[in-house]
Amino acid sequence: MSIIQLPLKIAMTFERRSVYMARGYSYEDCAELPDAEIDNIYEALRKLGHDVEMVGDIQALVERLAHDPAPRWDLVFNTCEGWRGRAAARESRVPALLEAFGINFTFSDSATLAKMVLEYHGVPTAPYAIVDCLDRSPSSKDPAQSAITASPHSKALANFPVFVKPAAEGSSKGISKINKIMTASELEPVVKILRERFPEQEILIESFLSGNDVTISILGTGADARVIGVREWIYGSHTRDAEEDFQSFDRKMTSRELWPYYCDTEIDMKDPLMAKACLTVGGRMLIMLYWTGALRSRSIPSLAWSRATLLFR
């Protein structure tokens, strides 16, 4: 496949938070949706010299492709989260449509299968079990313990604390103080609450990982990939709730001015552990995403982007 020359003709697919809230969706429903970020991405791509077309959500994309099945796009910059249907498939709809039309695109990884894919490719991930969704197994008895028993990680998951969360959400939706499980007696009641709240989703049970919580941003494709920034989430006695050593929905969605938990400037990149996390784990994750098709801009140099959030001791 030949390399496409710069500048590119890029189409942007997106869902604006303000638009969907105006349609009656709640703030939590729209938590993952960007707003000003869409315009920032648009301006950044234009400043780089690219020709950018603002398309919109999947309905707008369908209308656009129906009008012109072969648009002269080099790439679709996709940030759509998806809305209708099963939660595990929401984010895949725009990528699937673009794949069918043979159009290059970004951001297609599936959250539901991410842990299995990471594990298969040797990228460290917390021991886990998956509880079937309530819609498929409404009469399941002790679903959490059954999932742990069936998991290849059952021995590790016998140790507490563990963490439970909906498998197909982002922005810490469904996460509050109850999700960190300290004893076996807490597990089934919390899983029951989450299954009833997210009946179409599987529930993920993981060993709780303590330690540094670091986000590594990687820009580039293949051998051109490079780390462009590292951000650490700080927990401790200076926070409003010192016992909450994870990112709940309330914490993540509050303005940064009120919750100064991120550290961008005091990270020691010469620290051997930090360097290993960036160069080894982050790099392996990007390579895995690239070769499994999670980043589908194979002929577009320096445009694939990934973010690896790492918890390490």
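The text that follows walks through the structure, step by step, so that each part is easy to find.

Each value, and the rule that gives it
- Residues numbered from 1 in each chain as written.
- Predicted model: local features only at pLDDT ≥ 70, side-chain atom pairs only at ≥ 80, totals over all residues.
- Heavy atoms only, no water.
- Helix = DSSP H or I, 4+ residues; strand = E, 2+ residues; numbered from the N terminus.
- Buried < 20%, exposed > 50% of the residue type's maximum accessible area, 1.4 Å probe, protein only.
- Contact = heavy atoms within 4.5 Å.
- Areas by Shrake-Rupley, 256 points an atom, 1.4 Å probe, with all protein chains shown as cover.
- Phe/Tyr/Trp six-rings, centres within 6.5 Å; stacked < 30°, edge-to-face > 60°.
- Lys NZ or Arg CZ within 6 Å of the ring centre and 35° of its normal.
- Salt bridge = Lys/Arg side-chain N within 4 Å of Asp/Glu carboxyl O.

On to the overall build of the protein chain. Summing up its helical and strand segments, the protein chain has 10 helices and 11 strands in all. When each of the 313 residues of the protein chain is scored for burial, the buried share is 43%. Long-range contacts, defined here as pairs at least 24 residues apart, represent 69% of the contacts in the protein chain between residues at least 6 apart. In the form shown here, the protein chain has an accessible surface area of approximately 16700 Å², with 54% of it arising from carbon and sulfur atoms.

The subject of this paragraph is the packing of aromatic side chains. Considering all chains together, one arrives at 3 aromatic pairs under this definition. Taking the centre distance of 5.8 Å and the plane angle of 50 degrees together, the rings of Tyr20 and Tyr25 count as tilted. A relative accessible area of 30% places Tyr25 in the partly exposed class. Through successive ring pairs, a cluster of aromatic residues spans Phe163, Phe208 and Phe246. Over the face of the ring belonging to Tyr20 we find Arg23, whose NZ or CZ atom lies 4.5 Å from the ring centre.

As enumerated under the stated definition, the model contains 11 salt bridges in all. For the salt bridge of Arg16 with Asp39, the shortest nitrogen-to-oxygen distance reads 2.7 Å. One end of the pair, Arg16, is in the loop between β1 (9–13) and α1 (17–22); the other, Asp39, is in helix α2 (residues 36–47), with 23 residues separating them in the sequence. Look at Arg16 and you get buried, because its relative accessible area is 18%. Counted as one network, the salt bridges with shared partners bring together Arg16, Asp35 and Asp39.

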